[in-house]
Amino acid sequence: LTYPLLAWHPSGDILGFTLEDAGRCYYYPYSLTHHKADKRILVDVEKITDLSFSEDGKYMLFSGFLQGQSDIFLYSLRARTFKNLTQDFYDDYAPRFMKGQKQIVFSSKRPDPYLHPKESFKDLTPQNHYDLFMYDFEHEDNDLLQITYTPSADETNVRSIDHQSLTFLSNENNINRDPNKYA
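Residues numbered from 1 in each chain as written. Predicted model: local features only at pLDDT ≥ 70, side-chain atom pairs only at ≥ 80, totals over all residues. Heavy atoms only, no water.

Bringing the nonpolar core into the picture now. In this structure, Y27, L42, F53, M60, F62 and Y75 are the most contacted members of the largest nonpolar core, which totals 14 residues. Those elements that provide at least two residues to this core are β3 (24-31), β6 (47-53), β7 (59-66) and β8 (69-76). The contact partners of Y27, leaving out residues within four places of it in the chain, are G16, F17, D38, K39, R40, L42, F53, M60, Y75 and L77. Core analysis: the second largest hydrophobic core is formed by 12 residues, I72, F97, F133 and F137 among them. (Core = buried A, V, L, I, M, F, W, Y, C linked by side-chain atoms within 4.5 Å. Buried < 20%, exposed > 50% of the residue type's maximum accessible area, 1.4 Å probe, protein only. Helix = DSSP H or I, 4+ residues; strand = E, 2+ residues; numbered from the N terminus. Contact = heavy atoms within 4.5 Å.)

Quick look at the sheet that holds β8 now. Taken in spatial order, the four strands make up an open sheet running β6-β7-β8-β9, and their pairing is antiparallel. The sheet is open, and its two borders are formed by β6 and β9 (81-84), each paired with just one other strand. This sheet shows a mean twist of 25° between the axes of neighbouring strands, independent of strand direction. Bridge count between β7 and β8: eight bridges; the pairing is antiparallel. Counted as the bridge partner of Y59 is S76 from β8. (Pairing = 2+ DSSP bridges. Axes fitted to C-alpha atoms, helices over the stretch in contact; angles between N-to-C directions.)

With respect to the helices and strands, the residue D71 is situated in strand β8. Of the side chains bearing the opposite charge, R110 lies closest to the buried D71, which forms no salt bridge; the N-O distance is 5.6 Å. A polar contact is formed between the side chain of D71 and the side chain of N84, at a distance of 3.2 Å. (Lys, Arg positive; Asp, Glu negative; His and termini not counted. Salt bridge = Lys/Arg side-chain N within 4 Å of Asp/Glu carboxyl O. Polar contact = N/O pair within 3.5 Å; in protein donor to acceptor, adjacent residues only side chain to side chain.)

Spatially, β10-β11-β12-β13 is the arrangement adopted by the four strands of the open sheet, whose pairing is antiparallel. At either end of the open sheet lies a strand with only one pairing partner, and these are β10 (92-98) and β13 (145-146). Pairing analysis gives five bridges linking β10 to strand β11 (residues 103-108), with the strands arranged antiparallel. Across the sheet, F97 pairs through a bridge with I104, a residue of β11.

A word on the confidence of the model for the chain. Overall, the prediction assigns the chain a mean pLDDT of 88, with 90% of residues at 70 or greater. Ranking the elements of the chain by mean pLDDT puts strand β16 (residues 180-182) last, at 59, and strand β4 (residues 36-37) first, at 96. (pLDDT = per-residue confidence, 0-100.)

Turning to unusual backbone geometry, a few remarks are in order. Notably, K99 is not glycine yet its phi reads approximately 50°, a positive angle. Here K99 lies in the loop between β10 and β11. A relative accessible area of 30% means that K99 is categorised as partly exposed. Positive phi, close to 70°, is recorded for Q101, a residue that is not glycine. The residue Q101 is located in the loop between β10 and β11 in this model.

This is the structure in structure tokens:
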């Protein structure tokens, strides 16, 4: 059973949501002005686990599964196409744009701050917890900035406060508690 995921478009006029039907994933932008939803298939995407919009409203970021692997994707709302940004063995989740859409912050079970697009999964070992990483979207660099390193905790639910700061939840001490801040 999969529940719909919801996100407000920055225009405030569109509620974006995703649904799965017969093994396919769909994105629906619902216009509050026209009371109408378009149905857009995300070809080959098996599951969507989180979504958010860019500040300018041109893109949707989502974490999802493609060929059994969890990655971060960029969907162009105008072209109706998506690009796999992380495309490697490690589980990636819940991306958010930062710093005026120049960077993307996300949770991942990767053990180091690098994208490994061509390495075989036999040679790689994931962590058992989620840390936060920053991807340089402006330069499409495979070197990531590791924001947190907590071997016994997960950091999730990252949100941008402004162009320079973010907040996230951590289950350090076995509870999700007040948001942490990173600037």
